[in-house]
Amino acid sequence: MPALRATALPQHRQQSAPASALFPAREDRERWDNFLTRELSSANERIAGSAVTPTLDLGDLRSELAGFDFATPRPLDELLPWAIAQMEHGVVHMTHPRYFGLFNPAPSFPAQCADRIAAAFNPQLASSRTSPAAVEIEAHVIRSVARRAGLPPEATGHFTTGGSEANYTALICALTRSNARFAAQGARAFGGAPVFYVSRESHLAWLKIAHQAGVGRSAVRLVATDGSGRMDPNALSDALAADRAQGCVPVMIAATAGTSNAGMIDPLAACAQIARGAELWYHVDAAWGGALIASKRLRGILAGIELADSVTIDAHKWFATTMGCGMFITRHASVLSSAFQVSVSFMPSNVPGVDPYVTTLQWSRRFLGLRLFLSLAAAGWAGYGDHVERSIALIALLKEKLAARGWRIANDSSLGVLCVEPPPGFGAVRSIVGRVVASGRAWVAAATFEGRETIRICVTHGETGPGDIDELVNALCQ
Ligand SMILES: *Cc1c(COP(=O)(O)O)cnc(C)c1O
């Protein structure tokens, strides 16, 4: 065996310049940390006073990027301001008070702190043995949210990357409980094609989910709505009966509590009753609307959610944590365990119902739950209650102002999202949206609701105020 060359194992901690760029000395880290703290805070302030929409020239960015061939290292002193500038000028600003967008919030400050803490310790949450404190904190938050939603004390669950992963988990649970052979044989285990039911106003990530789960996109039954954006329970019963008659195997009904388009809530109790009668898994997708559980005054709007076998709530929507942070909650811990159980020799622990890698889709796992833990602990349910009530009040104000100017309100939602149609003569919805977005004064979306083209406006920022609503009305009516 050749002897190890002395250079293979450095005797002292001195590192080459490139390596010390990865693991700088403490004083350099602190200097850059302080720079980031100051600079991010000034950028945030500048953003509130400038365009919501990107102002960068993509051609310029591409040629700058071509200069990054990663052959010659560059100093962080240059790179950090560069990266901040790209964000400041190159994205739609979720942190702008006039971003009236797609549920992406300005993140709460405690959630941002949580990200920083998680990044510094970088705990691995796959197993409880390696990160007992982190796993316990997440489990505590999930239990608290489950209880607040009215689920029984044994309800359990976990953090996910978002609502899509949580909804995917729901389908896997439904298939697993519906047929014990699904685990081994997949969709082939079923005597007929497995199918599941969502409304046609539901979030169409369901199609991708069906694809991934191996039941195919045609397994998604898009049930008709009642003309107001809510699932029609009669159409649901009819669809079930028709599928059974044709030899399909229904496995799940997934009601939406707060549609992404228009904030409509399916008849949760009626859907629960149909699911129970048909012995199907009942899921409630409350990705955005779920945050209403925080408000004592308004949580009744979600009545029926407590009947669910499983629930999706995104923390990165109305709970305003950083992205991506969703939650899957279920009353059936054992189904999660049978869906995700696996045993490998190198993992330090393997406890069903406890170790995240044997109860969830993910393996390596980031400490997401700290974001909601710190936010909830700092603001309390009451703080979040104020947060959701405030956005609903601002939408009510906007509704009043637009209605007074002859705009038609298309959605009858009790949540903080509005779909409106301009009065005759104002031009097409898409051109109004294009004009407002291009002006940088506000960000709104075009959305089709119940077959009509509408402008969709959602208050997503905890610091949006009545002045911002006025500015939006002016931008829309110009
Ligand atoms: C946003 C949303 C989803 C998808 O969640 P992601 O966090 O984007 O993966 C699913 N359902 C509803 C109702 C949503 O609003």
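Here's what I pulled together on the structure shown here. Quantities reported herein were computed from a predicted structural model and do not represent experimental measurements. (Residues numbered from 1 in each chain as written. Predicted model: local features only at pLDDT ≥ 70, side-chain atom pairs only at ≥ 80, totals over all residues. Heavy atoms only, no water.)

Notes on the overall build of the protein
Basically, it comes down to this: Helical segments are the DSSP runs of H or I of at least four residues, strand segments are the runs of E of at least two, and each set is numbered from the N terminus. Three exposure classes are used, based on accessible area relative to the maximum for each residue type with a 1.4 Å probe and protein chains only: buried under 20%, partly exposed in between, and exposed over 50%. We call two residues in contact when some of their heavy atoms are within 4.5 Å. None of His or the chain ends enter the tally, which takes Lys and Arg as positive and Asp and Glu as negative. All charge positions are set by atom: Lys at NZ, Arg at CZ, Asp at CG, Glu at CD.
Along its length, the protein carries 15 helices and 11 strands. Overall size of the protein, expressed as C-alpha extent along the three principal axes, is 75 × 60 × 40 Å. Here the protein holds 478 residues, and 49% of them are scored as buried. Sequence-distant contacts, at least 24 apart, represent 70% of the contacts inside the protein between residues at least 6 apart. Positive and negative side-chain charges of the protein, numbering 43 and 41 respectively, have mean locations separated by a distance of 3 Å.

Thoughts on the nonpolar core
So the rule is basically this: We define the nonpolar core as a collection of buried residues of types Ala, Val, Leu, Ile, Met, Phe, Trp, Tyr and Cys that are connected through side-chain atoms lying within 4.5 Å of one another.
With 57 residues, the main nonpolar core has Ile253, Tyr282 and Leu372 as its most contacted residues. Not counting residues up to four positions away in its chain, the partners in contact with Tyr282 are Ile253, Ala255, Leu268, Cys271, Ala272, Ala275, Gly304, Leu307, Ala308, Asp309 and Ser310.

Here we look at the sheet that holds strand 3 (residues 220-223)
Spelled out, the test is: Between any two strands, at least two bridges found by DSSP are needed for them to pair. Structural elements are reduced to axes, namely lines fitted to C-alpha atoms, with helices fitted over the stretch in contact, and the angle between N-to-C directions of any two is expressed from 0 to 180 degrees.
With mixed pairing, seven strands are arranged side by side in an open sheet as 1-7-6-5-4-2-3. The strands lining the two open edges of the sheet, one partner per strand, are strand 1 (156-160) and strand 3. Pairwise comparison of adjacent strand axes, ignoring direction, gives a mean angle of 20° for this sheet. By the bridge criterion, five bridges tie strand 4 (residues 249-256) to strand 5 (residues 281-285) in an arrangement that is parallel. Directly across from Thr256, in strand 5, lies its bridge partner Asp285. On top of the sheet, helix 11 (residues 268-277) reaches strand 4 and strand 5; it is set at about 170° to strand 4, its chief contact.

Some words on the packing of helix 7 (residues 163-178) against helix 12 (residues 333-340)
Heads up, the condition is: Any angle from 65 to 115 degrees is called roughly perpendicular, while one under 35 is roughly parallel, one over 145 is roughly antiparallel, and all others are oblique. Classification convention: Asp, Glu, Lys, Arg as charged; Ala, Val, Leu, Ile, Met, Phe, Trp, Tyr, Cys, Pro as nonpolar; all other residues, Gly among them, as polar.
Between helix 7 and helix 12, the shortest axis-to-axis distance is 9 Å and the interhelical angle comes to 90°. When the axes of helix 7 and helix 12 are compared, the pair comes out roughly perpendicular. Residues Thr169, Ile172, Cys173, Thr176 and Arg177 of helix 7 pack against Val335, Leu336, Ser338, Ala339 and Phe340 of helix 12. Among the residues making up the contact of helix 7 with helix 12, the classes are represented as six nonpolar, three polar and one charged.

Let's talk about helix 15 (residues 466-477)
Basically, it comes down to this: Each helix should span, by expectation, one fewer than its residue count multiplied by 1.5 Å.
For helix 15, built from 12 residues, the straight-helix expectation of 16 Å at 1.5 Å per residue is met to within 8% by its first-to-last C-alpha distance of 17 Å. Within helix 15 the residues assigned to the buried category are Asp468, Ile469, Leu472, Val473, Ala475, Leu476 and Cys477. Contact partners of the buried residues in helix 15: helix 13 (369-404), helix 14 (429-439) and strand 11 (452-458).

Observations concerning a nonpolar patch on the surface
Stated formally: Exposure above 30% relative accessible area and the lack of any salt bridge qualify a residue for a patch; like charges then connect within 9 Å, and the nonpolar side chains Val, Leu, Ile, Met, Phe, Trp and Tyr within 5 Å. Working definition of accessibility: Shrake-Rupley area with a 1.4 Å probe, residue cover restricted to the visible protein chains. By convention in these notes, a salt bridge is any Lys or Arg side-chain nitrogen within 4 Å of a carboxyl oxygen on Asp or Glu.
On the surface, Val342, Phe346 and Trp363 cluster together into a nonpolar patch covering about 290 Å² of accessible area. Relative to the helices and strands, Trp363 is located in the loop between helix 12 and helix 13.

Remarks on the environment of Gly214
Checked against the element boundaries, Gly214 lands in the loop between helix 9 (205-213) and strand 3. Taking the C-alpha atoms as reference points, Gly214 and Pro194, separated by 20 residues in sequence, lie 10.0 Å from one another.

What to know about the packing of aromatic side chains
Under the convention used in this document: Any two of the Phe, Tyr and Trp rings considered here, Trp counted by its six-membered ring, make a pair once their centres fall within 6.5 Å; the pair's planes then place it as stacked at under 30 degrees, edge-to-face at over 60, or tilted in between.
Summed over the entire model, instances satisfying the criterion amount to 11 aromatic pairs. Each ring, one from Phe68 and one from Trp82, has its centre 5.0 Å from the other, and the planes form 55°; the classification is tilted. Of the two residues, Phe68 is situated in the loop between helix 3 (58-66) and helix 4 (76-90) and Trp82 in helix 4; the sequence distance between them amounts to 14 residues. Between Phe319 and Trp381, the ring centres sit 6.4 Å apart and the planes meet at 65°, which makes this aromatic pair edge-to-face. Here the residue Phe319 occupies a position in the loop between strand 6 (310-314) and strand 7 (326-330), and Trp381 occupies one in helix 13, the gap between them amounting to 62 residues.

Comments concerning the site of the ligand
Applicable threshold: Nearness is judged by heavy atoms alone; a residue qualifies as near a molecule or strand once a single heavy atom is within 4 Å of it. Two N or O atoms count as a polar contact when they lie within 3.5 Å, although within protein this holds only if one can serve as hydrogen donor and the other as acceptor, and sequence-adjacent residues are included solely when both atoms are side-chain atoms.
Taken together, the neighbourhood of the ligand is formed by 14 residues, with Gly163, Ser164, Asp285, Asp314 and Lys317 sitting nearest. One of the side-chain N or O atoms of Ser164 is found 2.8 Å from an oxygen atom in the ligand. Measuring from a nitrogen atom of the ligand, one finds a side-chain N or O atom of Asp285 at 2.6 Å. Contact with the protein chains hides 86% of the accessible area of the ligand, taken as 380 Å² for the molecule alone. Tallying contributions element by element places helix 7 first for the shell around the ligand, with three residues. Classifying every residue of the shell around the ligand by side-chain character gives two nonpolar, nine polar and three charged.

So, the packing of helix 10 (residues 233-245) against helix 11
For clarity, the cut-off: Crossing handedness follows the turn of the near helix against the far one: under a right angle anticlockwise gives a left-handed crossing, and clockwise gives a right-handed one.
Contact geometry for helix 10 and helix 11: axes closest at 10 Å, N-to-C directions at 20°. On the basis of the axis angle, helix 10 is roughly parallel to helix 11. Crossing geometry of helix 10 relative to helix 11 is assigned as right-handed. In contact with Pro233, Leu236, Ser237 and Leu240 of helix 10, helix 11 contributes Ala270, Cys271 and Ile274. The class makeup of the residues in the contact of helix 10 with helix 11 is six nonpolar, one polar and no charged.

Details of the pattern of salt bridges
In total, this model carries 18 salt bridges according to the counting rule given. Where Arg31 meets Asp77, a salt bridge forms, and the shortest distance between an N and an O atom there is 3.1 Å. In this pair, Arg31 is assigned in helix 2 (residues 26-48) and Asp77 in helix 4, connecting sequence segments 46 residues apart. Here Glu39 ties to Arg46 by a salt bridge, and the two come within 3.3 Å at their closest N and O atoms. With relative accessibility at 24%, the residue Glu39 sits in the partly exposed group. By relative accessible area, which is 39% here, Arg46 ends up partly exposed.

That's the geometry; what it means functionally is another story.
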